[in-house]
Amino acid sequence: MFVTLLAVTISTILIYVIYKYKAAHNYFEKHGLKYKAGIPVFGNSCKSTFYKRHTFEDIDEIYRAFPDEKYVGYLEAMKPVIIIRDPEIIKEITVKQFDHFVDHRQLFSPEIEPLIGGSLFLMKVHHFVDHWQQLFSPEIESRDPVRWQPVV
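Keep in mind that this is a model prediction, so the values were computed, not measured. (Residues numbered from 1 in each chain as written. Predicted model: local features only at pLDDT ≥ 70, side-chain atom pairs only at ≥ 80, totals over all residues. Heavy atoms only, no water.)

Our focus in this paragraph is the sheet that holds strand β1 (residues 34-35). Paired through backbone hydrogen bonds, the strands of a sheet run either parallel or antiparallel to each other. The strand order β1-β2-β3 describes an open sheet built from 3 strands, whose pairing is mixed. Strand pairing shows two members of the sheet lacking a second neighbour, β1 and β3 (79-84), which therefore form its edges. With 2 bridges connecting them, β1 and strand β2 (residues 71-76) associate as parallel partners. When the sheet's bridge partners are listed, K34 is paired in β2 with V72. Taken strand by strand, helix α1 (residues 2-30) contacts β1, β2 and β3, and its axis lies near 175 degrees from that of β2. The sheet strands contacting helix α3 (residues 55-65) are β2 and β3, and the helix crosses β2 at an angle near 145 degrees. (Pairing = 2+ DSSP bridges. Helix = DSSP H or I, 4+ residues; strand = E, 2+ residues; numbered from the N terminus. Contact = heavy atoms within 4.5 Å. Axes fitted to C-alpha atoms, helices over the stretch in contact; angles between N-to-C directions.)

Here is the structure:
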């Protein structure tokens, strides 16, 4: 009984891992992105997972593998990530379309590294809204028009 249960559990986990791995590859193929096939479970970050090299070297390898593409795919473990190479697209996203690209991956916790972790680019939506409301709400209130006279 125990051996059967163990075999079923291991088989289910294996099927799930293969499914997620294929789903990540299908994501890139569906969107027409070039990518390097990674190792199941580790993706393209296998060497950095085992501390053979730095994460940025893994990303740089994928970045340089397709020099003529505007964006390429990168598998971080089993999560598909898009690396944007074209400066015009980067400018469009960071300047004009900034409000559509929220909830970035948190590289540093704001509690541990408040300068970088609390930066505008790494904020989550709810922190972003709270931060800007706290920052601008005193200036937008209409109860105190005397404060607005020097501005106007």
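We are not done yet, so read on.
The next thing to look at is the side chain of D58. Along the chain, D58 turns up in helix α3. On the basis of relative accessible area, D58 is assigned to the buried category, the value being 1%. When near neighbours in sequence (up to four residues on either side) are disregarded, D58 contacts N44, S45, C46, K47, S48, R53 and Y74. (Buried < 20%, exposed > 50% of the residue type's maximum accessible area, 1.4 Å probe, protein only.)

This part takes up the side chain of R85. By the secondary structure assignment, R85 is in the loop between β3 and α4 (87-96). Engagement of the side chain of R85 in a polar contact is seen with the backbone oxygen of F66, the distance being 3.3 Å. Polar side-chain contacts of R85 include one of 3.2 Å to the backbone oxygen of P67. Not counting the four nearest positions on each side in its chain, R85 is found in contact with Y63, R64, F66, P67, E69, K70, Y71, V72 and I90. (Polar contact = N/O pair within 3.5 Å; in protein donor to acceptor, adjacent residues only side chain to side chain.)

In this section: a nonpolar patch on the surface. Side chains of F2, V3, L6 and I10 sit close together on the surface and give an oily, nonpolar patch of about 450 Å² of accessible area. Within the fold, I10 resides in helix α1. (Patch = residues over 30% accessible without salt bridge, like charges linked within 9 Å, V, L, I, M, F, W, Y side chains within 5 Å. Areas by Shrake-Rupley, 256 points an atom, 1.4 Å probe, with all protein chains shown as cover. Salt bridge = Lys/Arg side-chain N within 4 Å of Asp/Glu carboxyl O.)

The final tally for this structure, using the stated rule, is 3 aromatic pairs. Plain terms: the ring middles of F28 and Y35 are 5.1 Å apart, the flat faces sit at 35 degrees to each other, and that makes the pair tilted. This pair shows no difference in class: F28 is buried, exactly as Y35 is. With 5.1 Å between their ring centres and 55 degrees between their planes, F42 and F50 make a pair best called tilted. Relative accessible area serves as the criterion here: at 48%, F50 is assigned to the partly exposed category. (Phe/Tyr/Trp six-rings, centres within 6.5 Å; stacked < 30°, edge-to-face > 60°.)

Along the polypeptide, G43 turns up in the loop between β1 and α2 (46-49). When the C-alpha positions of G43 and Y21 are compared, they lie 8.2 Å apart, and in sequence the two are 22 residues distant. Setting aside chain neighbours within four positions, we find G43 in contact with G38, L75 and A77.

This brings us to the pattern of salt bridges. Where charged atoms of side chains with opposite charge meet at close range, the side chains can pair. Scanning the model with the defined rule gives 5 salt bridges in all. Residues K36 and E61 are paired through a salt bridge, measuring 2.7 Å at the closest nitrogen-oxygen approach. You can see K36 sitting in the loop between β1 and α2 and its partner E61 sitting in helix α3, a full 25 residues away along the chain. Look at E61 and you get partly exposed, because its relative accessible area is 31%. One salt bridge connects R53 with E61, and the closest N-O pair in it is separated by 2.2 Å. Among the charged side chains, a network of salt bridges with common partners joins K36, R53, D58 and E61.

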